[in-house]
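An overview of the molecular structure
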Protein chains: 2
Amino acid sequence: MPATAYPRTDRSTATRARDRMSYDRAAIHAVIDEAYHCHLAFVVDGEPRLLPTLHIRVGETLYLHGSTGSYLMLAARGDGLPVSVAITHLDALILARSQVHHSANYRSVVAHGTARLVADPATKRRVLDALLERIATGRSQDSRPPTDAELAATAVLGLPLAEASLRARTGGVVDDEADLDLPHWAGVVPVSTTLGRPEPAPGVVLPPPLLSGPA
Amino acid sequence: MPATAYPRTDRSTATRARDRMSYDRAAIHAVIDEAYHCHLAFVVDGEPRLLPTLHIRVGETLYLHGSTGSYLMLAARGDGLPVSVAITHLDALILARSQVHHSANYRSVVAHGTARLVADPATKRRVLDALLERIATGRSQDSRPPTDAELAATAVLGLPLAEASLRARTGGVVDDEADLDLPHWAGVVPVSTTLGRPEPAPGVVLPPPLLSGPA
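Anyway, here's the lowdown on the structure attached to this text. (Residues numbered from 1 in each chain as written. Chains lettered and ligands numbered in written order. Predicted model: local features only at pLDDT ≥ 70, side-chain atom pairs only at ≥ 80, totals over all residues. Heavy atoms only, no water.)

**Regarding the side chain of Gln99(A)**
Test applied: Each helix is a run of DSSP H or I of at least 4 residues and each strand a run of E of at least 2, with the numbering of both proceeding from the N terminus. Polar contact criterion, stated in full: a pair of N or O atoms within 3.5 Å, where within protein one must be able to donate a hydrogen and the other to accept it, and residues adjacent in sequence count only if both atoms are side-chain atoms. Between two residues, a contact is recorded if the distance between any of their heavy atoms is within 4.5 Å.
Mapped onto the secondary structure, Gln99(A) falls in the loop between β5 (81-95) and β6 (103-117). In this structure the side chain of Gln99(A) is engaged in a polar contact, spanning 3.5 Å, whose partner is the side chain of Asp129(B). When residues no more than four places from it in sequence are discounted, the contact partners of Gln99(A) are Leu128(B), Asp129(B), Leu132(B), Ser140(B), Ser143(B), Arg144(B), Pro145(B) and Pro146(B).

As structure tokens, this is what we get:
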């Protein structure tokens, strides 16, 4: 059994607003699992690079969908690639009476570590299956599995979840006492991400799969 | 008048799927303006760091909301901080008949450059005003402006938009010809981000402001 929390490190410890930080494993998993996409940062020639990609968590590994052609993948072939991965949900806009107390509710996980290309075909198949099941229950069976050649052309990076933190703001407006009677609206505006009605491709008459939804 | 497109550089040119790339200024502005938050990558001791923050574009500068306490801000006090900023909209999930052709529609802008702390109080006031107007029309007037002390405690980073690119996937399912008759559903599942009904803070009876909406 892994510990219930990830360890705190210099780079995963906030320098302010520490009360917004959590290292709880289950809470971090939940934020990761709710999202379809993440942002991946790495360093090339001393400069930061950043790109969005799709991800899926399987146990304590975060798998990232990649592309064989990019320098990212080349970089990942040696000792692995030091990365930061962020997954963020914007949950609400906070409108305060004073300008500086405007804020946002959010949940954001940042994981640090070394990402490596997944070479094992069986693992890659399991990752693809997990990615499809995240989208729709049963989809890994209700779709054509990859050929060996397709699998070889599909790059997957694996990042062990060993150093991860969750930063979140929840709750309502925090205004200064002296501002509470000002004649300005204050409150919370929820932000939500939802799946729309599935639009079948031309000629498709089958019923759509059972979508798992963003949450 | 700036050119209608940003220049292509090594780091803003994709090594594959180049047809998905655009450098069009108006298209890039539109993607930035539709989003409330972005991800900011930078390098500390050779390692990638990544965090989410709120942003607002004013002309050809992307302003990022920061915090005075963090090393990010300290780093920004000298020659500026080399950063990558990404703003991504997930627009749809693409379910193909074959596993490997599953994909996502998205629009993602990545900007590279050197971010600097904004010192000028007048500029900071304009940035805060723009951020509030993005949330709700008229909100910069219908809220208490910052005192000089509040303004001094509010850190804003400015990133000139000189090197930016847009990567997007649009459209429907792309399956192999040989797979079109397979008995699996295929199609597009739209993903959308929406604002919910404003929830007033305790005691607030004023009508809510006119929200600008995510799009």
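**Regarding the pairing of strand β4 (residues 61-66) of chain B**
All names here are of chain B. Basically, it comes down to this: Note on pairing: two strands pair once DSSP finds at least 2 bridges between them.
The pairing of strand β3 (residues 47-58) with β4 spans four bridges and is classified as antiparallel. In the strand pairing of β4, His55 is matched with Leu64. Hairpin remark: β3 followed by β4, antiparallel, with two residues in the connecting loop; positive phi at Gly59, about 60°. Sheet topology places β4 next to strand β8 (residues 155-160); six bridges connect them, and they run antiparallel. Across the sheet, residue Thr61 finds its bridge partner in β8, namely Pro160.

**Structural notes on helix α1 (residues 25-34) of chain B**
Residue and element names in this part refer to chain B. Rule in force here: Partly exposed residues are those whose accessible area sits between 20% and 50% of the maximum for their type, while under 20% is buried and over 50% is exposed, using a 1.4 Å probe and protein chains only. The directions considered for the arc are those from the helix axis to the C-beta atoms.
Those residues of α1 not exposed but buried are Arg25, Ile28, His29, Val31 and Ile32. Each buried residue of α1 sits inside an arc of 160° when the element is viewed along its axis, so together they form one side. Buried residues along α1 sit against β1 (21-22), β3, β4, β5 (81-95), β6 (103-117) and β9 (163-169). For α1, the N-terminal capping position is held by Asp24, with its side-chain oxygen 3.4 Å away from the main-chain nitrogen of Ala26.

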